[in-house]
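Observations on the model geometry
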Amino acid sequence: MSVLSAIRSGDVAQLPGKRDEDWRWTDLRGLIRQAPPPSPASEAELPPAPFGPAPAELAFVNGRPLAGSTYEAAGDAVVALRFVSASEGTSHAAEARIVVPAGARLTVLESYEHAAGGYLAVAQVEFVVAPGASLERIVLCDDDAEGVSVSEATVVLSPGGRFAQTLVTSGARRQRLETRLLHPGGHAEVRLDGVYLLGGKRHADLTTVVEHTGVDGVTAQLTKGVVRDQARGVFQGRIIVAEGADRTDARMGHHALILSDRAEVDAKPELEIYADDVACAHGNTVGALDDEALFYARQRGIPEAEARALLTEAFVGEVVERIEHEAARELVRGWVAERLRV
Amino acid sequence: MLKVQDLQAAVDGKEILKGLSLEVPAGEVHAVMGPNGAGKSTLSYVLTGRDGYEVTGGSASLDGEDLLALAPDERAARGVFLSFQYPLEIPGVPALTFIRTALNAQRKARGEDEISAPAFLKLAREKSAALKMDFEMLKRGLNVGFSGGEKKRMEILQMAMFSPRFLILDETDSGLDIDALRIVSEGVNALRSPERSMLVITHYQRLLDYITPDRVHVLAGGRIVASGGPELAHELEREGYDRYARAA
């Protein structure tokens with residue numbers, strides 16, 4: 001039972017819902033009573049890529065790859081990975097595979113785009129990172145307010161490899177961004193970051209599962225969210241340290257600002273530790289903007305709305321600054337600022 | 001300059017200021033001294049418009065304009081500056097960005113043009129050098145990881161950059177060692193001018209050895225209960241606040 005099989009078969013009973021522990025805050029079965037018809041092939045021209053032109057591009061429109069669905073990096077590479085929903089009220093699924101061979105370094109500029117609304121879309125991406133290889137994944141989700149969008153990434157990391165990601169999203173009617181990572185230890189390093197900025201009735205669910213199976217693994221995770229209006233943010237972070245995965249260093253942080261009475265954040269940070277010698281910690285805070293900081297800024301002459309935007313931007317800025325690809329970091333910074341200054 | 005008449009204010013429904021009157025003419029430095037709980041910080045917050053400090057009576061005006069009707073940022077644009085007892089740390093906002101945003105907001109509110117980036121940087125370099133501050137610190141998050149003395153210097157730097165008309169220094173000496181106190185005081189003294197007034201709020205007389213006031217007021221029980229020249233501060237240092245606390 002999965003979103004993918006539900007879309008492929010048209011059987012909505014296969015959609016996950018609130019009875020599934022992992023999906024209890026992102027109920028798709030309760031929301032979608034009837035399967036939307038399959039998306040047609042789209043003849044429409046691709047919009048300009050959100051991250052700008054990239055040396056290589058894997059694009060999917062309505063789930064269909066325009067030119068292949070796998071990419072293998074060589075040397076230092078950058079690839080744009082684009083999922084475009086182009087038809088109103090239809091459903092589609094895409095599957096992609098990205099491989100980074102030993103010694104290669106890849107930046108993936110992944111985007112979820114829409115040229116229509118009310119769609120049901122799923123994208124499954126597998127990332128394979130070989131020993132000594134490095135991958136940075138930056139994901140920008142710009143879904144329609146009426147869209148339902150699911151992204152499921154699985155990451156297979158090798159010892160000595162590195163995987164870093166930053167998810168940036170403004171949500172959708174229902175949106176789930178899931179990352180499952182198998183961490184072999186062996187000095188492999190993982191960074192899993194996220195930013196969600198939600199307004200209106202939008203929803204975003206950032207779910208991650210990291211399983212440490214070998215000694216000497218490092219995971220650093222930082223997610224920050226800002227919700228207003230009647231929006232709802234969900235963070236589920238699970239880190240499992242298997243028996244024998246000693247000297248694992250895993251840190252998880254999730255911090256959210258709630259800017260209105262009717263907005264909501266649900267968070268479930270979980271550390272499951274079966275090894276003895278580990279350094280693991282998690283921190284989780286949900287609150288409002290600091291009144292004292294707000295007054296301080298206003299006392300210096302900054303009007304209230306601008307002071308709120310400045311402090312909110314600074315709050316999520318900590319995550320944005322961790323993006324390593326400079327052009328992507330600048331773009332995300334602008335994207336965030338634009339959404340906070342409303 | 002500042003005229004406060006019969007000011008009454010409450011916090012959480014509890015009356016803290018109970019008819020406070022005070023006048024600070026242009027060019028003068030006045031000290032307000034008082035025991036803990038007398039209402040010193042409340043006075044600074046009421047004059048700057050902090051939420052939760054409810055004015056229940058009286059008035060406060062700056063050069064004839066009603067201060068109490070204005071938002072905190074509007075008061076700042078008209079030249080009211082409060083140096084905080086505990087300056088805030090704002091991670092993610094470099095000090096330079098914060099100061100430039102504030103300066104331009106004030107200028108915009110006054111109908112002036114924004115300051116150009118080169119002119120701003122030149123001013124910031126000049127003023128921070130005068131306060132013996134490392135310019136690199138201004139590129140980091142505002143006050144993040146700063147010592148008490150560095151935070152106070154950052155307050156004085158902002159004062160120097162904004163060039164306000166009316167300064168309120170709330171317990172500026174708290175947490176400062178002698179060297180930091182001297183640098184901070186020199187920074188404040190450099191701002192003394194015939195067009196500018198200051199209200200120095202302090203518990204101890206120590207700060208007033210460095211920033212010599214024209215007048216000293218004793219605040220006790222939410223009112224000014226005595227006023228005098230600089231010698232009054234020395235008297236308080238010798239004899240304590242007991243006499244005034246009883247009078248209040």
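Given the structure is predicted, the values throughout are model-derived calculations rather than measurements. In this numbering scheme, every chain counts its residues from 1 along its sequence in written order. Labels are handed out in written order, letters beginning with A for the chains and numbers beginning with 1 for the ligands. Owing to the predicted nature of the model, reporting of local features is limited to residues with pLDDT of at least 70; listing and counting of side-chain atom pairs is limited to 80 or more, with chain, interface and lining totals taken over all residues.

The next point concerns the sheet that holds strand β9 (residues 148-157) of chain A. All names here are of chain A. In spatial order, the strands read β3-β5-β7-β9-β11-β13-β15-β17; together these 8 strands make up an open sheet with parallel pairing. Across the chains shown, the open sheet's two edge strands, defined by having one partner strand only, are β3 (70-72) and β17 (264-273). Pairs of neighbouring strands in the sheet enclose a mean axial angle of 10°, with direction left out of account. Any two strands with at least two DSSP-identified bridges between them are counted as paired. The secondary structure listing takes helices from DSSP runs of H or I that are at least 4 residues long and strands from runs of E that are at least 2 residues long, numbered from the N terminus. Of the pairings in the sheet, the one linking β3 to strand β5 (residues 91-100) comprises 3 bridges and is parallel in character. In the sheet register, T70 faces β5, and the bridge partner there is R97. Lines are fitted to the C-alpha atoms to define the axes, a helix being fitted only along its stretch in contact, and any angle between axes, read from their N-to-C directions, falls within 0 to 180 degrees.

The next point concerns the domain arrangement of chain A. Residue and element names in this part refer to chain A. These domain limits were set by an automatic method or by a database of domain assignments. In terms of domains, chain A is made up of domain 1 (1-35) and domain 2 (37-340). If you average the C-alpha positions of domain 1 and of domain 2, the two centres end up 22 Å apart. Contacts between domain 1 and domain 2 engage 10 residues on the former and 13 residues on the latter. Ten residues, namely Ala, Val, Leu, Ile, Met, Phe, Trp, Tyr, Cys and Pro, are considered nonpolar, four, namely Asp, Glu, Lys and Arg, are considered charged, and the remaining ones, Gly among them, are considered polar. For the side of domain 1 that touches domain 2, a count of residues per class yields 8 nonpolar, 1 polar and 1 charged. Here, residues touch in the contact sense if the C-beta positions derived from the backbone fall within 7 Å of one another.

Residues of type Ala, Val, Leu, Ile, Met, Phe, Trp, Tyr and Cys that are buried and joined through C-beta atoms within 7 Å form what is called a nonpolar core. The exposure scheme places C-beta atoms from the backbone and then counts, for each residue, the other C-beta atoms within 10 Å of its own, assigning buried at 20 or more, exposed at 12 or fewer, and partly exposed in between. With 168 residues, the main nonpolar core has A:V129, A:F163 and B:V200 as its most contacted residues. If you count residues domain by domain, this core takes at least three from each of domain 1 (1-35) and domain 2 (37-340) of chain A. Those residues in contact with A:F163, other than ones at most four positions away along the chain, are A:F127, A:V129, A:L135, A:V155, A:L157, A:L181 and A:V190.

What follows is about the sheet that holds strand β6 (residues 105-114) of chain A. Residues and elements named next belong to chain A. Read from one edge of the open sheet, 10 strands run β2-β1-β4-β6-β8-β10-β12-β14-β16-β18, paired in mixed fashion. Edge positions in the sheet fall to β2 (64-65) and β18 (278-287), since each of these pairs with one other strand and no more. Relative to β2, strand β1 (residues 56-61) is paired through 2 bridges, and the arrangement is antiparallel. Paired with F60 across the strands is P65, a residue of β2. Contacts from helix α3 (residues 304-320) reach β10 (162-169), β12 (189-198), β14 (218-227) and β16 (248-258) within the one sheet, and its direction differs from that of β14 by about 155°. Contacts from helix α4 (residues 326-340) reach β6, β8 (134-141), β10 and β12, with the element oriented near 25° to β12.

In this section: the pairing of β12(A). Residue and element names in this part refer to chain A. Buried residues dominate β12, accounting for 8 of its 10 residues. Relative to β12, β10 runs parallel, the two being bridged by 8 bridges. Looking at β12, one finds that L167 is bridged to G194. Note that β12 and β14 share 10 bridges and pair parallel. From the neighbouring strand, L192 faces β14, where its bridge partner is Q221.

Residues and elements named next belong to chain A. Notably, N62 is not glycine yet its phi reads approximately 50°, a positive angle. For N62, a count of 24 C-beta atoms within 10 Å corresponds to the buried category. Although it is not a glycine, D229 sits at a positive phi angle of roughly 50°. Position of D229 relative to the elements: it lies in the loop between β14 and β15 (232-241).

So, on to the pairing of strand β1 (residues 2-11) of chain B. Remark: a regular strand shows side chains that alternate across the two faces of the sheet. All names here are of chain B. With 8 bridges connecting them, β1 and strand β4 (residues 53-62) associate as antiparallel partners. Each bridged residue has a counterpart across the sheet, and for Q8 the counterpart in β4 is G57. Note: β1 against strand β2 (residues 14-24), 8 bridges, orientation antiparallel. Bridge pairing links V11 to K14 in β2. If you look at the hairpin formed by β1 and β2, you'll find 2 residues sitting between the two strands, and D12 has a positive phi there, around 55°.

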